[in-house]
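# Report on the structure
The lines below spell out each chain.
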Amino acid sequence: MKHAFVAPMVLALAACGGGPGGTANAGGTSAIGIPSASPTTPPGVTVAGSVVALAADAYGPAAIAGVTYASADASQTVPLAHATVIVGPVPIVGGTPPAQLPAGDAAVTTNAGGAFALTPAIAPAAASSAEPFVVPPDNLSGFVPPATGYYVEVFGAGTDGTSAGAPLPMHRFLAASTGLVLRISSASAAEAGALAAVNADRAANGAGPLIFDESAEEAARLHASDESSANYFCHYDTKNVGPSSRYVAIGAIGLTGENLALVSGTGAVAFGYAEAAFLAEKTSNPPGGHYLNLVDGAHLWAGLAAVVDASAPAFANVDYELVTPNAADTVVGAYGYPVSTPCPAGTVVNNS
C-alpha cells in the first residue's frame, strides 16, 4: 500500500529565451474580421475540422513512448456548437477571445455540428519565439513540433478558464490541416474549486491568477490516473517518461512544472490537503520547490487532477501541471525532476 506524503519536485527550466506572453482581454464569441492581405503577403492556408466536447474527467488518446493513454470515456463525444475557433500566427494565452484579434489571426464560430473552416491572411510559419515548444532534452514521447503552422485556440460558449462545467480553453500550435478534430473537456466542481484555492494562495503571495488549459488539464488527469492504476507515485511513469515529454505529447506548448501529492480523501478534500502541503513549504529554509512552483509568477495556465488510488481507495493521487507558455520561468533550478522513493523499479532521472 502507498503511504500519504508529498513527492519532491524540482521545477524544470528551459535555457534562455522568451519574454512574457501577451494577455487576452475578455470579449464575445462572434467572428472577428480578417485583415486584408497585401499583394506581397504570402497566402494563408485553410484550416478546417470539428470541435467535440468530452466528459469532465476525460483525457487522450495520447501516444507516449509506444503506449496510447485514454480515459474510459474518451470516445464519448458530442459536437461543440457555438465555440469560437481562432487560428493565426499570433498566440492568444487568455481564457476568452480578445476584443480585437492580433493582425493575421482569424476567427469563426462552430456550427451546430461543431464544424469550422477559416483561412488566415498569412501563410503558416514557425512557432513564435515568445511562446515556443519546450521539447525536453530526453524526448521520450518522440514528439516532433510542426515546422510551420498556426496557433489554434478554442473557446466554447461560456468558457472563462475557471468555471466548473464550462468548456476549457484550448491553446495549441498545429500544422495547417483540413481534418482537425479538437477535443474539449470541462472542469469538475472539485477541479474548479482547486483552481480557486490556488489563485487565492497565489494572490496572497504576489502572483497573478491562472486559468485552465485543455492540454495541461489532460496531462494532469492522465498522470494521476496512471499512478492510480499502475500503483506508483512518481514524476516518471512506468516507461520512465517524465512530465515534459507527457505534456508535449498531449499537444501542448510551453514549459510545465509538475507538483504531485498522495493524500487522504477524495475530490475537494484531497485537493485541500495537497494545497496545504505545497503551501506549507513556504516556511522551509530555503522555501520548498512545490511552494515555489505554486506561486511562480510566470505561470499562466494550470491543469489540476485528483484521482482515487486504485490500491488504496481512501487516498487520491493529486497532480498539478503549472504552465509557463513563454518558457520564462522565474524559479531558478535544475532542468529535470528527481526520483522519489515509490517510483517504478528502474526509474532514473532522464530530463524528460
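Now for a quick tour of the structure.

Parameters and conventions
- Residues numbered from 1 in each chain as written.
- Predicted model: local features only at pLDDT ≥ 70, side-chain atom pairs only at ≥ 80, totals over all residues.
- Heavy atoms only, no water.
- Disulfide = S-S within 2.5 Å.
- Helix = DSSP H or I, 4+ residues; strand = E, 2+ residues; numbered from the N terminus.
- Buried < 20%, exposed > 50% of the residue type's maximum accessible area, 1.4 Å probe, protein only.
- Axes fitted to C-alpha atoms, helices over the stretch in contact; angles between N-to-C directions.
- Parallel < 35°, antiparallel > 145°, perpendicular 65-115°, else oblique.
- Left-handed = near helix turned anticlockwise from the far one by under 90°.
- Contact = heavy atoms within 4.5 Å.
- Nonpolar A, V, L, I, M, F, W, Y, C, P; charged D, E, K, R; others polar.
- 1 Å grid on protein atoms, 1.4 Å probe; cavity = no way out; pocket = protein on both sides within 12 Å on 5 of 7 lines; lining within 4 Å.
- Points joined across faces, edges and corners; volume = space filled by probe spheres on them.
- Pairing = 2+ DSSP bridges.
- Expected span 1.5 Å × (residues − 1).
- Arc of directions from axis to C-beta.
- Salt bridge = Lys/Arg side-chain N within 4 Å of Asp/Glu carboxyl O.
- Phe/Tyr/Trp six-rings, centres within 6.5 Å; stacked < 30°, edge-to-face > 60°.

Moving on: the state of the cysteines. Any covalent bond linking the sulfur atoms of two cysteines counts as a disulfide. Using the criterion set out here, one finds one disulfide in the structure. Through a disulfide, C234 is tied to C343; the S-S separation comes to 1.9 Å. One disulfide, between C234 and C343, carries an S-S torsion of 80 degrees and so falls in the right-handed class. Separated by 109 residues along the polypeptide, C234 in the loop between α2 (214–230) and α3 (243–249) and C343 in the segment after β15 (315–324) bring together distant segments of the chain. Across the pair, C343 and C234 agree in class, each one buried.

All right, on to the packing of helix α1 (residues 189–204) against helix α4 (residues 267–280) then. The geometry of α1 relative to α4 is characterised by a closest axis approach of 9 Å and an angle of 20 degrees between their N-to-C directions. It follows from the interaxial angle that α1 and α4 lie roughly parallel. For the crossing formed where α1 meets α4, the hand is right-handed. Counted together, A190, E191, A194, A197, V198 and D201 of α1 and G267, A268, F271, E275 and L279 of α4 form the full contact between these two elements. In terms of residue class, the contact of α1 with α4 is made up of seven nonpolar, one polar and three charged.

It is worth spelling out the layout of surface pockets at this point. One simple way to see leftover space: roll a probe sized like a water molecule over the atoms. Taken as a whole, the largest pocket spans an internal volume of roughly 240 Å³. Considering the residues around the largest pocket, the lining is formed by 14 residues, among which P61, R172, V181, R183 and I250 are closest to the centre. For the lining of the largest pocket, the leading source of residues is strand β11 (residues 180–184), giving four residues. Its residues assigned to classes, the lining of the largest pocket shows nine nonpolar, two polar and three charged.

Attention now goes to the sheet that holds strand β10 (residues 170–174). If you walk across this open sheet you meet the four strands as β7-β6-β9-β10, and the pairing is antiparallel. The open sheet has two free edges, formed respectively by β7 (106–109) and β10, since each of these has just one partner strand. Between one strand axis and the next, the sheet turns by 20 degrees as a mean value, whatever way the strands run.

Looking now at α4. Given a rise of 1.5 Å per residue, 14 residues ought to cover 20 Å, and the 20 Å separating the end C-alpha atoms of α4 matches this to within 8%. Among the residues making up α4, those that are buried are A270, F271, A274, E275 and F278. The arc that holds the buried residues of α4, viewed along the axis, is 130 degrees, so those residues lie on one side.

For α2, with 17 residues, the first-to-last C-alpha span of 24 Å sits near the 24 Å given by 1.5 Å per residue. The buried count for α2 comes to 15 of 17 residues, which makes it a mostly enclosed element. Just beyond α2, the residue with positive phi is N231, at close to 60 degrees.

As a further point, take the environment of G272. Take G272: it is sitting in helix α4. Note: C-alpha distance between G272 and G193 (79 residues apart in sequence) is 9.3 Å.

Take unusual backbone geometry next. With the exception of glycine, the majority of residues adopt a negative phi angle, and the majority of peptide bonds are in the trans configuration. For the bond from G60 to P61, the omega torsion is 5 degrees, close enough to zero to count as cis. Structurally, P61 is set in the loop between β2 (47–53) and β3 (62–64). Here the amide bond leading from N285 into P286 is cis, since omega sits at 0 degrees, within 30 degrees of zero. Residue position: P286 is located in the loop between α4 and α5 (289–294). With a phi angle near 60 degrees, N351 is a residue other than glycine that sits in the positive phi range. Look at N351 and you get partly exposed, because its relative accessible area is 29%.

A word on the pattern of salt bridges. One pass over the full model with this rule turns up three salt bridges. A salt bridge links E217 to R221, with the nearest nitrogen and oxygen atoms 3.1 Å apart. Of the two residues, E217 and R221 both sit in helix α2, four residues apart, roughly one turn of that helix. The exposure class assigned to R221 is buried, which follows from its relative accessible area of 2%. Residues R246 and E258 are paired through a salt bridge, measuring 3.0 Å at the closest nitrogen-oxygen approach. Of this pair, R246 sits in helix α3 while E258 sits in strand β13 (residues 255–264); the two residues are twelve residues apart in sequence, bridging distant segments of the chain. E258 shares its class with R246; the two are buried. Each of E191, E217 and R221 takes part in a single network of salt bridges with overlapping partners.

Let us look at the pairing of strand β9 (residues 150–155). Across a regular strand the side chains alternate sides, sitting on one face of the sheet and then on the other. Of all six residues making up β9, six are buried, and the element is well covered by its neighbours. Burial along β9 is two-sided: Y150, V152 and V154 and Y151, E153 and F155, pointing in opposite directions, are all buried. Bridge count between β9 and β10: five bridges; the pairing is antiparallel. The residue bridging Y150 from the neighbouring strand is L174, located in β10.

The geometry of an aromatic ring pair is captured by the separation of the ring centres together with the interplanar angle, meaning the angle of the planes. Counted under the stated rule, the structure contains four aromatic pairs. Judged by centre distance (4.9 Å) and plane angle (70 degrees), the rings of Y151 and F173 are edge-to-face. Residue Y151 is located in strand β9, and its partner F173 is located in strand β10; the two are separated by 22 residues in the primary sequence. For the pair formed by Y151 and F173, the shared burial category is buried. Relative to Y320, the ring of F278 has its centre 5.0 Å away and its plane inclined at 75 degrees; by these criteria the two rings are edge-to-face. One end of the pair, F278, is in helix α4; the other, Y320, is in strand β15, with 42 residues separating them in the sequence. On the basis of relative accessible area, F278 is assigned to the buried category, the value being 0%. Using a relative accessible area of 0% as the deciding quantity, one classes Y320 as buried. By way of ring pairs, the aromatic residues F133, F143, Y151 and F173 are connected into one cluster.

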